[in-house]
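These are the residues of each chain, in order.
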Amino acid sequence: MANLSTISPLPNIPKLFSLFLLAQLLVLSHFSHTLAEIIFEERFDDGWQSRWVKSDWKRAEGKAGSFKHTAGTWAADPDDKGIQTSTDAKHYAISANIPEFSNKNRTLVLQYSIKFEQDIECGGGYIKVLSAYVNQKKFGGDTPYSLMFGPDLCGTDTKKLHLIVSYQGQNYPLKKDLQCETDKLTHFYTFILRPDATYSVLIDNRERDSGSMYTDFDILPPRKIKQVGAKKPKDWDDREYIEDPDDVKPEGYDSIPGEIPDPNAKEPDNWDEDEDGIWKHPKVPNPAYKGPWKRKKIKNPNYKGKWKVPWIDNPEFEDDPDLYVLKPIKYIGIEVWQVKAGAVFDNILICDDPDYAKEVVTDIFANREIEKEAFEEAEKVRRAKEEKEAERAREEGERRRRERDNDRRSRHKDRYRDRYRKHRRDYLDDDYHTCSGRDVGRSDTRRKEKELDEVQDVPRPSVGYVGENIEVPGRRLRP
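The text that follows walks through the structure, step by step, so that each part is easy to find. (Residues numbered from 1 in each chain as written. Predicted model: local features only at pLDDT ≥ 70, side-chain atom pairs only at ≥ 80, totals over all residues. Heavy atoms only, no water.)

**Considering the overall build of the protein**
Of the regular secondary structure elements, the protein holds 6 helices and 26 strands. Relative to all contacts within the protein whose residues are 6 or more apart in sequence, the contacts with residues 24 or more apart total 72%. For the protein, the accessible surface area stands at approximately 31200 Å², while carbon and sulfur atoms represent 50% of it. (Helix = DSSP H or I, 4+ residues; strand = E, 2+ residues; numbered from the N terminus. Contact = heavy atoms within 4.5 Å. Areas by Shrake-Rupley, 256 points an atom, 1.4 Å probe, with all protein chains shown as cover.)

**Describing the pattern of salt bridges**
This structure, assessed with the given rule, holds 37 salt bridges. The shortest N-O distance in the salt bridge between Arg 106 and Asp 352 comes to 3.0 Å. Of this pair, Arg 106 sits in the loop between strand E5 (90-101) and strand E6 (108-116) while Asp 352 sits in the loop between strand E22 (343-351) and helix H4 (354-364), and the two are 246 residues apart along the sequence. For Arg 106, a relative accessible area of 23% gives the class partly exposed. In this structure, Lys 175 and Asp 218 form a salt bridge, with 3.2 Å as the shortest nitrogen-oxygen distance. With Lys 175 in the loop between strand E11 (170-173) and strand E12 (187-193) and Asp 218 in the loop between helix H2 (213-216) and strand E15 (224-226), the pair connects residues that are 43 residues apart, well separated along the chain. Looking at Asp 218, the relative accessible area reads 54%, which means it is exposed. It is possible to trace a salt-bridge network through shared partners that takes in Glu 398, Arg 401, Arg 402, Asp 405 and Arg 408. (Salt bridge = Lys/Arg side-chain N within 4 Å of Asp/Glu carboxyl O. Buried < 20%, exposed > 50% of the residue type's maximum accessible area, 1.4 Å probe, protein only.)

**Details of the packing of aromatic side chains**
With the rule as written, the count across this model stands at 13 aromatic pairs. Ring-pair connections join several aromatic residues into one group, and the members of that group are Phe 67, Tyr 92, Tyr 112, Tyr 189 and Phe 345. Above the plane of the ring of Tyr 214 lies Arg 223, whose end atom (NZ or CZ) is 4.5 Å from the centre. Residue placement shows Arg 368 over the ring face of Phe 365; its charged tip is 4.3 Å from the ring centre. (Phe/Tyr/Trp six-rings, centres within 6.5 Å; stacked < 30°, edge-to-face > 60°. Lys NZ or Arg CZ within 6 Å of the ring centre and 35° of its normal.)

**Digging into the pairing of strand E10 (residues 158-167)**
Counting buried residues along E10, 7 of its 10 residues qualify, which places the element largely inside the surrounding structure. Summarising the sheet, strand E9 (residues 147-154) and E10 pair through 8 bridges and their orientation is antiparallel. Residue Pro 151 lies in a different strand from E10, and its bridge partner there is Leu 161. Between E9 and E10, which pair antiparallel and follow one another directly, the connecting turn spans 3 residues, one of which, Gly 155, has a positive phi of 65°. As paired elements, E10 and E11 share 4 bridges and run antiparallel to each other. Note on E11: the bridge partner recorded for Ser 166 is Asn 171. Taken together, E10 and the strand that follows it, E11, pair antiparallel across an intervening segment of 2 residues, in which Gln 168 is found at a positive phi of about 55°. (Pairing = 2+ DSSP bridges.)

Everything listed here is a matter of coordinates, which is why it stays silent on function.
Now the structure itself:
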């Protein structure tokens, strides 16, 4: 054991003091987290169905969809499951009862994660905070809510991040246009509402927007309004710079010519005064000439700035110190409609500590790169499958094209053969046919054709059209 008498206490004082401060900070940090109240936290682990009630809204019409318990096609941790919309073009409604909670005189934090695995064409991904009594089996789009927050996408134009609060029974959307994320990875959406009626919106722990309920929602009339009929006072001086009254024009300034003879010019050698006249130096700008004299500018000591219409207190404004207070929260719900299903909801949190919410995001995003790798691998499989299906479709299209071509040639050949037979039959069935302008009996024609075949041993000639001579090699058939 070391001899304490040999150890100088002075050099260790800073070290001991640092350790003491560190211990104090750890205690304070732990104490601050113990003070934080977690109202509701859902990770959708085993037993989640006992906490959530599936609504029958739209079920009688066959338009209600069902959630499935899964981590999705790609995930950082396959065992970290959420609930995913499963059927296209359906309404989804599910809710959970939570301990009644009021945000009066305390901060409200609402946070959750969502992953759109589908190429969403149109549909929502928001959640709702509900107050008062709710029949959870009938929870749907018409159920009143106190707060709605989350993304809503439709086509390439709508990529909105909704933030709607209820005040005295009426819903008020945020006046700002916030954009949500549109890729296929997990994203956290966080809304923080403070007792001073200020708010913050975070996406993946990064602040996307902040403001005040007094200015960013049309709930109360504005505190200040512009004074109607206000005019700029006559003695208002809005000239930032003025001419220096003490500036004096230099003596002889006006006698400085604007142009002077070019000192570098010389009379040409071939100049003839009798023919060309007296040679004169050409004029060039005078570098000493500075233009018309003007007094220099100086700062106006009486400058009051650009005049603006003054703001005055709004006589219609009546402050509500409880503007930020929602009705006591009793339920959390998901109520969305999606053209294409595949959204995974997870990590729902209601608390009063923004730092705890940030820790949740940080912990889950520790495996963010694993999720990205899983997504890229899934994309490779999807592209390979699409290429294979496209190749199969091309082969099928080529096979059908060949069949159509063969069928077209076959029909053309049959039409040609039928037309030829019909023409020959009509020709032979006529009582008379004309040859070189004279009528010859059908029996005589057949007899002569037969004689020609027997005598000259030549193939039967092609049947000509009426009015043509029928010829065989070496001989013309005469009437």
